[in-house]
Protein chains: 2
Amino acid sequence: MPSRPELIETLGVHLEAEYDLPPLAARIYADLVLTDDTGLTFEACLSNHGASKGSVSTALNLLQKMGIITYYTKPGDRRRHFTIAARKAFFRSKLEEQLKKIGKDRAIIQLVNNFNKQCNKAHYERYGERTESYLEFLDQSESLVQASLDRFRKWN
Amino acid sequence: MPSRPELIETLGVHLEAEYDLPPLAARIYADLVLTDDTGLTFEACLSNHGASKGSVSTALNLLQKMGIITYYTKPGDRRRHFTIAARKAFFRSKLEEQLKKIGKDRAIIQLVNNFNKQCNKAHYERYGERTESYLEFLDQSESLVQASLDRFRKWN
DNA sequence: CGTTTAGTTCAGAACAAAACAAACCAAATG
DNA sequence: CATTTGGTTTGTTTTGTTCTGAACTAAACG
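Residues numbered from 1 in each chain as written. Chains lettered and ligands numbered in written order. Predicted model: local features only at pLDDT ≥ 70, side-chain atom pairs only at ≥ 80, totals over all residues. Heavy atoms only, no water.

(A) Seen up close, the sheet that holds strand β1 (residues 40-41) of chain B. Residues and elements named next belong to chain B. If you walk across this open sheet you meet the three strands as β1-β3-β2, and the pairing is antiparallel. Edge positions in the sheet fall to β1 and β2 (69-72), since each has one partner strand and no second. When β1 meets strand β3 (residues 81-84), the two strands line up antiparallel, connected through two bridges. Bridging across to β3, Leu40 finds its partner in Phe82. In the packing of helix α2 (residues 23-33) onto the sheet, contacts are made with β1, β2 and β3, and the angle to β3 comes to roughly 85 degrees. (Pairing = 2+ DSSP bridges. Helix = DSSP H or I, 4+ residues; strand = E, 2+ residues; numbered from the N terminus. Contact = heavy atoms within 4.5 Å. Axes fitted to C-alpha atoms, helices over the stretch in contact; angles between N-to-C directions.)

(B) The sheet that holds strand β3 (residues 81-84) of chain A, seen in detail. Residue and element names in this part refer to chain A. Strand order in the open sheet made by the three strands is β1-β3-β2, with antiparallel pairing throughout. Only two strands of the sheet have a single neighbouring strand rather than two, namely β1 (40-41) and β2 (69-72). Running at roughly 85 degrees to β3, helix α2 (residues 23-33) makes contact with β1, β2 and β3 of the sheet.

(C) Molecular detail of the packing of helix α5 (residues 90-119) of chain A against helix α6 (residues 121-155) of chain B. At a minimum axis distance of 10 Å, the contact between α5 of chain A and α6 of chain B shows a crossing angle of 25 degrees. Viewed along their axes, α5 of chain A and α6 of chain B adopt a mutual orientation that is roughly parallel. For the pair formed by α5 of chain A and α6 of chain B, the contact residues are Phe91, Lys94 and Leu95 of chain A on the first element and Arg130, Thr131, Tyr134 and Phe137 of chain B on the second. Taken together, the residues of the contact of α5 of chain A with α6 of chain B sort by class into four nonpolar, one polar and two charged. (Parallel < 35°, antiparallel > 145°, perpendicular 65-115°, else oblique. Nonpolar A, V, L, I, M, F, W, Y, C, P; charged D, E, K, R; others polar.)

(D) Region of the structure containing the relation of the copies chain B and chain A. The operation relating chain B to chain A is a screw motion whose rotation component is 180 degrees, with 0.0 Å of axial translation and a residual RMSD of 0.1 Å. Taken together, the rotation and translation describe the operation of a two-fold axis. Taking C-alpha positions as the reference, the residue of chain B nearest the rotation axis is Ser141 of chain B, at 3.6 Å. When you check the interface residues of chain B against chain A, 98% turn up at the interface there too, and the contact is symmetric in its surfaces. (Least-squares fit on C-alpha atoms with pLDDT ≥ 70 in both.)

(E) Spatial organisation of the packing of α2 of chain A against helix α4 (residues 53-65) of chain A. Residues and elements named next belong to chain A. The N-to-C vectors of α2 and α4 enclose an angle of 70 degrees; their axes lie 9 Å apart at closest approach. Relative to α4, α2 is oriented roughly perpendicular. For the element pair α2 and α4, the recorded crossing hand is right-handed. Across the interface between the two elements, Leu24, Ala25, Ile28 and Tyr29 from α2 touch Ser55, Val56, Ala59, Leu60, Leu62 and Leu63 from α4. Each residue belonging to the contact of α2 with α4 can be placed in one class, and the counts come to nine nonpolar, one polar and no charged. (Left-handed = near helix turned anticlockwise from the far one by under 90°.)

(F) A look at the protein's contact with DNA strand D. What surrounds DNA strand D is a group of 17 residues, the closest being Ser52 and Ser55 of chain A together with Lys53, Ser57 and Arg78 of chain B. In the interface set of DNA strand D, defined as its atoms within 4 Å of the protein, sugar plus phosphate atoms amount to 63%. In this structure, a base oxygen belonging to DNA strand D sits 2.4 Å away from a side-chain N or O atom of Arg78 of chain B. Put simply, the parts of the chain that give the surface near DNA strand D at least two residues each are α2 and α4 of chain A together with α4 (53-65) of chain B. With four residues, the single largest contributor to the surface near DNA strand D is α4 of chain B. (Near = heavy atom within 4 Å. Polar contact = N/O pair within 3.5 Å; in protein donor to acceptor, adjacent residues only side chain to side chain.)

(G) Geometry of the interface of chain B and chain A. The interface of chain B with chain A comprises 48 residues on the first partner and 47 residues on the second. When chain B packs against chain A, close to 4,500 Å² is buried across both sides, 68% of that on carbon and sulfur atoms. It is Phe115, Arg130 and Trp155 of chain B in chain B that bury the most area against chain A; as a group they hold 16% of the surface buried on that side. Summed over the shared surface of chain B and chain A, the result is four salt bridges. Between Asp105 of chain A and Lys94 of chain B there is a salt bridge, and its shortest N-O distance comes to 2.8 Å. In this structure, the connection of chain B to chain A is made through ten residue pairs in polar contact (both at pLDDT 80 or more). Going through the elements one at a time, α1 (4-19), α5 (90-119) and α6 of chain B are the ones with two or more residues in the side of chain B that touches chain A. The residue makeup of the side of chain B that touches chain A, split by class, is 20 nonpolar, 14 polar and 14 charged. (Buried area = accessible area lost by both parts, 1.4 Å probe. Salt bridge = Lys/Arg side-chain N within 4 Å of Asp/Glu carboxyl O.)

Below is the structure:
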């Protein structure tokens, strides 16, 4: 089993790629994923990652703007406690993202396919069938995601 | 319908993100996608994209190293004609990439889940079921990709 | 009010990525 | 064998990102 810091690093790299985050923001996000819902204070983010106040502030604000994290306060405690925004919805929003991606992918493939139909007829005839087949795969994929999404929605 | 240059730009942006390519390399890739299998010469890449010889050279070499493009020569013509490497396999390799992604995703989710099982029991109990459900989705997704992949493999 | 606490803001340092320009090389051509 | 053609290599410039550090704000506390 990886140690906590190791796992933060591994997960951080992954999140960096998945959500196109700067390194520090991704590490903080990873840290919060591994922390229970009491969350982390600004100060904890600062010391856990050895970064400057400015960097931590920027990273936390970015994650908030992206809807990834929120904070709460305790009465009689001025500090913000940051937590991931909707742990219940974590997988659900992954599925929603997936749905968007499929849509985008289909859109471009159709754009290119239409272009070929008009301007590259030979090519269109040679590969049109594969394109159809891939579009069909996208449809099936979409249905599968949609079905899982429905299950996750009931869950909430 | 978008014009050819517009489509190159749109597709270019998409490919940039999909394969993590530098802008110029992605535009050249897009250009080749819209060009029939006669391909494009170095000179054409150069003038189509208004870039310097050095940049085009670097971009083409990168795309070759990534296995995305190849070139052929005509007897009595010193120029290289660049084409996309395996148009027949285009969708197939997209599916193969998809398969790898699913594997990575599962790996991290399991890593995090194991961590929670040991170090974050309450949290594990609250969300473990969702995790299971998502892992199941990944399995189904994998099967679907695998099935499509088999169809595409026969095709070749 | 002065001070402490909890952050924000912003200029700029440090680094990384992408493209350029010019010199270079190697094969064909006259 | 000098020159053109088709690229490659190398050093530089441009551009963009990420983080820092220091000055600042705003709320609470005594």
